[in-house]
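Tertiary structure, described
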Amino acid sequence: MLSFAFSPEQEDFRLQLRKFATAELTPHYIERAARPEFSWEAHRQLAGLGVLGIGLPEKYGGSGELDPVTLGIATEALAYGDVNVASAPVLSGLVASQLAENGQAAVVDRWLPQLVAGEAVAAIAVTEPSGGSDVSGMRTEARRVPGGWRISGEKIAITLATAAAVALVYAREPGSEGYRGISCFAVPLDADGVTRTHTPGMGALPLCWGQLSFEDVFVPGDHLVGEPGRGFAAAMEHFDFSRPALGLLCLGAAQASIDEACAWAVQREAFGRPLAAFQGVSFPLAEQATYLEAARWLCYRSLWTREAGEKHTQYAAMSKWWPPIVAKDAIETALVTFGNLGYSTELPLQQRYRDVASYLIADGTAGIQKRIIATAMLGKVAAS
Ligand SMILES: Cc1cc2nc3c(=O)[nH]c(=O)nc-3n(C[C@H](O)[C@H](O)[C@H](O)COP(=O)(O)OP(=O)(O)OC[C@H]3O[C@@H](n4cnc5c(N)ncnc54)[C@H](O)[C@@H]3O)c2cc1C
């Protein structure tokens, strides 16, 4: 039987979070978005709502069962109010689920309760100055030493670089090549030899984007996450979750923009009639609403397939390349519907446009997602 309905519990949760988003997040979205500071107050509110523990083990404060659809619902509902604050469940979830699955007790017991309680945030450090799309070319090295490892290298464009307490850092053994030599380490960012630098960006400022440098940083042996040399393969499985969730994040922000534009089009008059009376205004809104709906269900299909335990790499890649573009275009349509006001910093539209634009690149560009889909369809020839 085919059903597009959420369960009654999921629908109640969705309504609760949407109410929270409009009452608590929307009013201060622009203010928060203007500062390169992590929004701790809002983040802790998310912890109170149970959003940061979805799908994580109960013993660390989580909800227990893996629950990707509910995480998608939460992300979409919260992004309606503040797309930056709403990214936390995805980012936290991405790190926390990797730790829960592959981390060793010393690391999991230390960080997971703090991540679920909203007392700490974590980063994922893959991208380097030499490139982000081609992860196999990474240069950061992890040398085996007595008792652990020493990491040296540089990571750039890292979300939460200046706010996170810990980062999952991907590094290779000296002399290794390609994906196989890459391991994952949980590195406390207050360790000796770690330097963090903020990188100004066109949006998403509260996500504290920046650079992480590692100068011969000692990491104890039990901070290795997963098997040595197989760190990236394990991470890819988690990206299959984060991609549809990021798609829904963008779509939540876009839906808020289209709703605002509809309200404006009914109220604002030109040539003696409401804007909504002109098909030149109403049809673009109708078109964007159609794209948003199609993109939403693509994302939920991907999360539902994950929940069913089936392979969904292709759907995840589809959910990451198309929905951010759909969302950006919908926000642009809403912005133009508002005329000069849409461009003004008094309204959230220009801010959402810049914040959502970050997901055209973060977690892999459309080009890289299409490469993943094409490889699944056509084989390795499409990945050359
Ligand atoms: C806001 C933001 C947040 C980010 N957060 C993180 C983070 O938390 N952690 C992290 O590790 N990284 C993060 N990144 C980095 C991001 O993952 C990379 O920027 C991205 O993967 C692209 O890598 P690159 O910038 O080196 O571009 P390049 O790899 O140099 O690519 C440049 C262009 O070439 C295209 N291209 C390259 N190869 C191919 C190909 N084979 N086929 C088709 N097109 C191709 C790309 O699509 C892109 O358009 C973030 C980036 C942004 C903008």
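Residues numbered from 1 in each chain as written. Predicted model: local features only at pLDDT ≥ 70, side-chain atom pairs only at ≥ 80, totals over all residues. Heavy atoms only, no water.

Identification of the protein as Cyclohexanecarboxyl-CoA dehydrogenase from Kribbella caucasensis is taken from an unreviewed UniProt entry. Among the UniProt annotations of the protein, the heading Cofactor (unreviewed entry) holds the following wording: "FAD". (UniProt positions renumbered as here; feature names shortened; annotations may be inferred.)

**Structural notes on the overall build of the protein**
Within the protein, the secondary structure is distributed over 12 helices and 10 strands. Taken over the C-alpha trace, the protein has a radius of gyration of 21 Å; the compact-globule value for 384 residues is 21 Å, and the two agree within 12%. When its C-alpha atoms are laid out on the principal axes, the protein stretches across 80 × 45 × 40 Å. Within the span of the protein, comprising 384 residues, buried residues form 50% of the whole. At a minimum sequence separation of 6, the contacts of the protein that also span at least 24 residues come to 74%. Per element, the accessible surface of the protein, about 17000 Å² overall, is 55% carbon and sulfur. (Helix = DSSP H or I, 4+ residues; strand = E, 2+ residues; numbered from the N terminus. Rg over C-alpha atoms; globule rule 2.2 N^0.38 Å. Buried < 20%, exposed > 50% of the residue type's maximum accessible area, 1.4 Å probe, protein only. Contact = heavy atoms within 4.5 Å. Areas by Shrake-Rupley, 256 points an atom, 1.4 Å probe, with all protein chains shown as cover.)

**Side note on the side chain of Gln-351**
Note that Gln-351 resides in helix α11 (residues 349-357). Those residues in contact with Gln-351, other than ones at most four positions away along the chain, are Tyr-29 and Ala-33.

**Side note on the site of the ligand**
Neighbouring residues of the ligand: 18 residues in total, closest Ile-124, Thr-127, Gly-132, Ser-133 and Thr-365. One of the backbone N or O atoms of Ala-157 is found 3.0 Å from a nitrogen atom in the ligand. Contact with the protein chains removes 61% of the 980 Å² of surface that the ligand exposes when unbound. Broken down by secondary-structure element, the contributors of at least two residues to the shell around the ligand are β1 (122-125), β3 (148-158) and α12 (366-378). The class makeup of the residues in the shell around the ligand is 9 nonpolar, 7 polar and 2 charged. (Near = heavy atom within 4 Å. Polar contact = N/O pair within 3.5 Å; in protein donor to acceptor, adjacent residues only side chain to side chain. Nonpolar A, V, L, I, M, F, W, Y, C, P; charged D, E, K, R; others polar.)

**Observations regarding the environment of Ser-39**
Positionally, Ser-39 belongs in the loop between α2 (29-33) and α3 (40-48). We classify Ser-39 as buried; its relative accessible area is 14%. In the structure, Ser-39 is positioned 168 residues away from Leu-207 in sequence and 8.4 Å away in space, judged by C-alpha atoms. Setting aside its immediate chain neighbours within four residues, Ser-39 contacts Arg-32, Val-85 and Pro-206.

**Structural notes on the nonpolar core**
Counting residues in each nonpolar core, the largest one holds 60 residues, and the members touching the most others are Leu-17, Leu-46, Val-51, Leu-78 and Leu-251. For this core, the domains that each give at least three residues are domain 1 (8-120) and domain 3 (232-383). The residues contacting Leu-17, other than those within four sequence positions of it, are Leu-49, Val-51, Ala-74, Ala-77 and Leu-78. Core analysis: the next-biggest nonpolar cluster, separate from the first, contains 28 residues, Val-95, Val-107, Val-126 and Val-166 among them. (Core = buried A, V, L, I, M, F, W, Y, C linked by side-chain atoms within 4.5 Å. Domains from an automatic or database assignment.)

**Description of the pairing of strand β2 (residues 141-145)**
Summarising the sheet, β2 and β3 pair through 5 bridges and their orientation is antiparallel. Directly across from Glu-141, in β3, lies its bridge partner Ser-152. Between β2 and β3, which pair antiparallel one after the other, the connecting turn spans 2 residues, and Gly-147 there sits at a positive phi close to 85°. (Pairing = 2+ DSSP bridges.)

**Some points on the UniProt feature "domain: Acyl-CoA dehydrogenase/oxidase C-terminal" (unreviewed entry) in the protein**
In this structure's numbering, the residues bearing the UniProt feature "domain: Acyl-CoA dehydrogenase/oxidase C-terminal" (unreviewed entry) are residues 229-378. The distance from the first to the last C-alpha atom of residues 229-378 is 28 Å, and the span holds 78% helix and 3% strand.

**A short note on the pattern of salt bridges**
Applying the stated rule across the entire model yields 12 salt bridges. With a closest N to O distance of 2.8 Å, Glu-128 and Lys-155 form a salt bridge. Here Lys-155 lies in strand β3 and Glu-128 lies in the loop between β1 and β2, a separation of 27 residues in the sequence. Here Glu-128 falls in the buried class, since its relative accessible area comes to 3%. In this structure, Glu-237 and Arg-306 form a salt bridge, with 3.5 Å as the shortest nitrogen-oxygen distance. (Salt bridge = Lys/Arg side-chain N within 4 Å of Asp/Glu carboxyl O.)

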